[in-house]
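Below, each chain spelled out in residue letters.
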Amino acid sequence: MSGNNGNKLMQRISYACGTFGHDIFYMMVSTYFIMFITSNLFNTEDQSHNEYMIGIIMTVILVIRVAELFIDPFIGNTIDKTNTRWGRFKPWVIVGGFVAALSLAILFTDLGGLTTSNPLLYLIIFAILYLVMDIFYSAKDVAIWSMVPAMSFDSKEREITATFARIGSVFGAQLVTVMVIPIVLFFSKDANGGVGDANGWLAFALIGGGVSLLGAVILGLGTKEQASALRENKKETTFKEVFSILGKNDQLMWIAITFLIFCFGQDLVNSFQMYYFAYILGDSTYLSFLGIINVIIGLLAVAGLTASLYANDNTGCGLGSLIIKNQNTVALQVLAATTNGTSGNQTFGITSGTSNCAKPNNFVSNDKLNRFVSENMDELALDISSGKGETLST
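About the criteria used
Position numbers for residues start from 1 in each chain and track the written sequence from start to end. Given that this is a predicted model, residues contribute local features only at a pLDDT of at least 70 and side-chain atom pairs are listed and counted only at 80 or more, while totals for whole chains, interfaces and linings are drawn from all residues. Just so you know, side-chain values use all the structure's heavy atoms and leave hydrogens and water out. Structural elements are reduced to axes, namely lines fitted to C-alpha atoms, with helices fitted over the stretch in contact, and the angle between N-to-C directions of any two is expressed from 0 to 180 degrees. Only runs of H or I of at least four residues qualify as helices and only runs of E of at least two qualify as strands under DSSP, and these elements are numbered from the N terminus. Here the word oblique covers every angle except those under 35 degrees (roughly parallel), over 145 (roughly antiparallel) and from 65 to 115 (roughly perpendicular). If you view the pair so one helix is near and one far, a crossing is left-handed when the near helix is turned anticlockwise from the far one by less than a right angle, and right-handed when it is turned clockwise. Whether two residues are in contact is decided by their heavy atoms, any of which lying within 4.5 Å being enough. Side-chain classes are defined by residue name, with Ala, Val, Leu, Ile, Met, Phe, Trp, Tyr, Cys and Pro counting as nonpolar, Asp, Glu, Lys and Arg as charged, and the others, Gly among them, as polar. In this scheme, a residue with accessible area under 20% of its type's maximum is buried, one over 50% is exposed, and one in between is partly exposed, where area comes from a 1.4 Å probe on protein chains only. Basic side-chain nitrogens of Lys or Arg form a salt bridge, by our definition, when they fall within 4 Å of a carboxyl oxygen of Asp or Glu. By definition here, a helix of n residues has an expected span of 1.5 Å times n minus one. Consider a residue and the seven residues that end there alongside the seven that start there; fitting an axis to each set, the bend is the angle between those axes. What we call a nonpolar core is a set of buried Ala, Val, Leu, Ile, Met, Phe, Trp, Tyr and Cys residues that are connected through their side-chain atoms within 4.5 Å. Patch definition: residues above 30% relative accessible area lacking any salt bridge, with like charges linked at up to 9 Å and the nonpolar side chains Val, Leu, Ile, Met, Phe, Trp and Tyr linked at up to 5 Å. Note on areas: these come from Shrake-Rupley sampling with a 1.4 Å probe, and a residue is covered only by the protein chains present in the view.

Trainee: Any details on the packing of helix H3 (residues 90-107) against helix H5 (residues 119-145)? Residues and values, ideally.
Mentor: The axes of two packed helices give the description: the angle between them and the distance between them. Running from N to C, H3 and H5 point in directions that differ by 150 degrees, and their axes come no closer than 8 Å. Here H3 is positioned roughly antiparallel relative to H5, judged by the angle of their axes. Crossing geometry of H3 relative to H5 is assigned as left-handed. Across the interface between the two elements, Trp92, Val93, Val95, Gly96, Gly97, Val99, Ala100, Ser103, Leu104, Ile106 and Leu107 from H3 touch Phe126, Leu129, Tyr130, Val132, Met133, Phe136, Tyr137, Ala139, Lys140, Ala143 and Ile144 from H5. When the residues that make up the contact of H3 with H5 are grouped by side-chain class, the tally is 18 nonpolar, three polar and one charged.

Put into structure tokens, the structure is as follows:
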């Protein structure tokens, strides 16, 4: 029994290491790569030419990121058809991590001086490299966040594993903000007003990419995917059908739009942080202090989410169990129980399955329905994923 628990813990930690490195890479691409481009990539005496080239680079990045919206379904469909002895997802995590890290490290250079000697050739190579990096990063992203259901059939274990993953993710993303300026300035020959030089940014890319790749390797070695009949492809899904399913699933589209708006705002704020500290406050090193604060807040938030998985048996579920985490005294338990009973929030939690409440399987008993679902689980799951099918009609 203890050996089994040890294996579970090792798998959780390994998976968290993978998400830790993954979000380090994400922050490097989404936030600090832009800072390198605008501050160090084009340094000719012709300022108008520098600005023109930066504008073209930004346009190339924008076009590729928009195109990614249409590429991702192809990537997901390809991953879903993958079948190797190492699993369906791990090969994409490791290979994607390696190719993306290598591509990004090259992008953090001027390609041997091509930015000045042959700008047109530089732009062509840049576009190809960025596209390759983006595709393999997206493949890794899809694979790594799709792994949780493949690692365990137990819902509670999946919840715990996902929490470990989120802790690693938050810590990795915010740690970049803490370390970027110290690393860049340490390896730079010229502080350049607090934003460093090309040597410092290349070192940052190599260190960050190396940590990201190491995390992917640890994930690959320390996790194991389990075969499930629910995950088997019983029929081929064409790319046309993928887009058709996405277009007809209005719930998924609303979630996607909401997430798009969230990511847009998050990336916008993150991108301006370094500029603000470097050019407005005049001291980029203060950015590290902001990163430390973000790490603390992020880890506390995730820790609170973890604690919410286990409601106190005395006070039950409800809003009080979320607000008051440490219920180790009578007074706190009484306060939590009182809060749980106010405004009908506990009733809402039970019916919706929120606020630490376990939602019942049915409002009323239906043995016939239960037998049908049990006997047709595989077919039903496949029909639900496509939004149509004989079992759903039945």
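Trainee: Quick rundown of the environment of Tyr137? Include the residues and the values.
Mentor: Inspection of the secondary structure assignment puts Tyr137 in helix H5. On the accessibility criterion, Tyr137 (12% relative accessible area) is buried. Distance in space between the C-alpha atoms of Tyr137 and His22 is 8.9 Å, their sequence separation being 115 residues. Residues contacting Tyr137, with those up to four places away along its chain left out, are His22, Phe25, Tyr26 and Ala100.

Trainee: Tell me about the environment of Ala16, residues and numbers included.
Mentor: Assignment of secondary structure puts Ala16 in helix H1 (residues 2-41). According to the relative accessible area criterion, Ala16 is buried, its value standing at 12%.

Trainee: Hey, could you go over the pattern of salt bridges for me, with residue numbers and the actual values?
Mentor: This structure, assessed with the given rule, holds four salt bridges. Across the pair Arg65 and Glu68 runs a salt bridge, and its minimum N-O distance is 3.1 Å. Taken as a pair, Arg65 and Glu68 lie in helix H2 (residues 47-80) at a separation of three residues, close to a single helical turn. By relative accessible area, Arg65 is classed as partly exposed at 32%. Notably, a salt bridge pairs Arg65 with Asp134, separated by 3.7 Å at the nearest N-O pair. Residue Arg65 is found in helix H2, and its partner Asp134 is found in helix H5; the two are separated by 69 residues along the sequence. One connected set of salt bridges, linked through shared partners, spans Arg65, Glu68 and Asp134.

Trainee: Tell me what's going on with helix H7 (residues 155-187), and back it up with residues and numbers.
Mentor: Taking 1.5 Å of rise per residue, 33 residues should cover 48 Å, and H7 covers 46 Å from first to last C-alpha, within 8% of that figure. Helix geometry: H7 is bent most strongly at Met179, by close to 40 degrees, with proline Pro182 lying one to four residues after it.

Trainee: Go over the nonpolar core with me, naming the residues and quoting the values.
Mentor: Counting 48 residues, the largest nonpolar core has Phe33, Phe126, Trp201 and Phe204 as the members making the most contacts within it. Every element with two or more residues in this core is listed here: H1, H2, H3, H5, H7, helix H8 (198-222) and helix H10 (250-280). Here this core gets 13 residues from one element, more than from any other, and that element is H1. Setting aside residues up to four positions removed in sequence, Trp201 forms contacts with Tyr32, Met35, Phe36, Ser39, Asn40, Phe108, Val180, Val184, Val195, Gly196 and Met274. By size, the runner-up hydrophobic cluster in this structure holds 15 residues, among which are Ile75, Ile79, Val93 and Ala165.

Trainee: Please give an account of a nonpolar patch on the surface that cites residues and values.
Mentor: Taken together, Tyr276, Tyr279, Ile280, Leu281, Tyr286, Phe289, Ile292, Ile296 and Leu300 make up a surface patch of nonpolar side chains, about 970 Å² in accessible area. Elements represented by at least two residues in the nonpolar patch include exactly H10 and helix H11 (286-307). Broken down by element, the nonpolar patch gets its largest block of residues, five residues, from H11. Residue position: Tyr279 is located in helix H10. Residue classification places Tyr279 among the partly exposed positions, given a relative accessible area of 47%.

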